Structures are given as C-alpha cells and as structure tokens.
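Each chain, letter by letter, is given below.
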Amino acid sequence: QVQLVESGGGLVQAGGSLRLSCAASGRTFSSNAMGWFRQAPGKEREFVAAISASGGSTYYADSVKGRFTISRDNAKNTVILQMNSLKPEDTAVYYCTGRRRSWGGAVSISEYDYWGQGTQVTVSS
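Every chain's residues receive numbers from 1 upward, in the order its sequence appears when written. In view of the model being predicted, local features appear only for residues whose pLDDT reaches at least 70, and side-chain atom pairs are presented and counted only at 80 or more, with totals across whole chains, interfaces and linings using the full set of residues. Side-chain numbers here rest on the full set of heavy atoms in the structure, without hydrogens or water.

**Q** Please provide a residue-by-residue account of the nonpolar core, values included.
**A** Within soluble globular proteins, side chains that are nonpolar tend to cluster in buried spots. What we call a nonpolar core is a set of buried Ala, Val, Leu, Ile, Met, Phe, Trp, Tyr and Cys residues that are connected through their side-chain atoms within 4.5 Å. Categorising residues by exposure relies on relative accessible area from a 1.4 Å probe, with only protein chains included: less than 20% of the type maximum marks a residue as buried, more than 50% marks it as exposed, and the intermediate range marks it as partly exposed. Of all hydrophobic cores here, the largest spans 33 residues; its most connected members are Trp36, Leu81, Met83 and Tyr94. Numbering of helices and strands runs from the N terminus, with a helix taken as a DSSP run of H or I at least four residues long and a strand as a DSSP run of E at least two residues long. Looking at this core, the elements with two or more residues in it are β3 (18-24), β4 (33-39), β5 (46-51), β7 (68-73), β8 (78-83), β9 (92-99) and β11 (119-124). In terms of residues, this core owes the most to one element, β5, which gives 5 residues. In what follows, a contact means two residues having at least one pair of non-hydrogen atoms within 4.5 Å. The residues touching Tyr94, leaving out its near neighbours within four places in the chain, are Glu6, Leu20, Trp36, Phe37, Arg38, Val48, Phe68, Leu81, Met83, Gly118, Thr119 and Val121.

If you want it as structure tokens, here you go:
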C-alpha cells in the first residue's frame, strides 16, 4: 500500500508561483506513474499533470501547459508540481495520486489507485 502526503499549498497573488510536494511511502514508488488532479468548489475533480515511473514522460492538461511542471525524485520518493504564472482559476484543492503502472499517460480518476488528502491552493486576483 502506498500513502501520499501533499504539502506546499497556500495563498498567492495572481502571477505568482507555488511548489507542491508529494511524499510517498512504500517500496514500489519507482514503479508507479504519478499525477496531480485538482478540484475547485462545485466542480468535478480534473486532471492536471502526470509523469511516468521513470520520469521520462510527462503529460499536462491544456489549461496548465507551459505554466506547470511535474517532476519526480525516485531516490526521495517525491513528486513535485511547480506552478508558475498562477491564475485565480487555478484555485482548488490539489491531490497527488499514483497508479500501479509505469505508463504515465493516464488522465482519468479511475486509472489511479492511490490518493493523498489534498492541499489547498488559493490564487487571489
């Protein structure tokens, strides 16, 4: 079983940056593709970014492409989401997620097996 703990959320002004971290427990981290989803109030949870188990492939939602960067450090069991040029519409609870497969191109909730508790990101205008 893999446990995921997010950190790094907070309040930032539009145009600012935040760095989210996800610490994973378990021995299989380097075999797991990882991702980030977000859920804004009154909206469904949506895909943000994903990365393959090796870190060699990354995937992004169109809404964040060019502004967000996902990366991982398999030696430290950590996944990072660097968020730049933040907009008020990026306000949401951000969830770290993992799956028992190495391919990182999964964009739907049902394809993921592990979820963190979430961290709040608020972008003020």
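**Q** I'd love a proper account of the sheet that holds β7, names of residues and values included.
**A** We call two strands paired when DSSP finds no fewer than two bridges between them. One open sheet accounts for 4 strands, arranged β1-β3-β8-β7; its pairing is antiparallel. Each of the sheet's edge strands pairs with one partner strand only, and the pair in question is β1 (4-7) and β7. Direction aside, neighbouring strands of the sheet carry axes that sit 15° apart on average. As paired elements, β3 and β8 share 6 bridges and run antiparallel to each other. When the bridges of β8 are listed, Leu18 appears paired with Met83. Lines fitted to C-alpha atoms define the axes, with helix axes restricted to the stretch in contact, and inter-axis angles between N-to-C directions lie between 0 and 180 degrees.

**Q** Explain the packing of aromatic side chains to me, and be specific about the residues and the numbers.
**A** Here a pair means two rings of Phe, Tyr or Trp (six-membered ring of Trp) with centres within 6.5 Å. Their orientation is stacked below 30 degrees between planes, edge-to-face above 60, and tilted elsewhere. The final tally for this structure, using the stated rule, is 5 aromatic pairs. Ring geometry for Phe37 and Trp115: centres 5.2 Å apart, planes at 65°, overall edge-to-face. Of the two residues, Phe37 is situated in strand β4 and Trp115 in strand β10 (residues 114-115); the sequence distance between them amounts to 78 residues. Aromatic pair Tyr59 and Trp103: ring centres 6.3 Å apart, planes at 65°, arrangement edge-to-face.

That is the geometry; function is a separate question.
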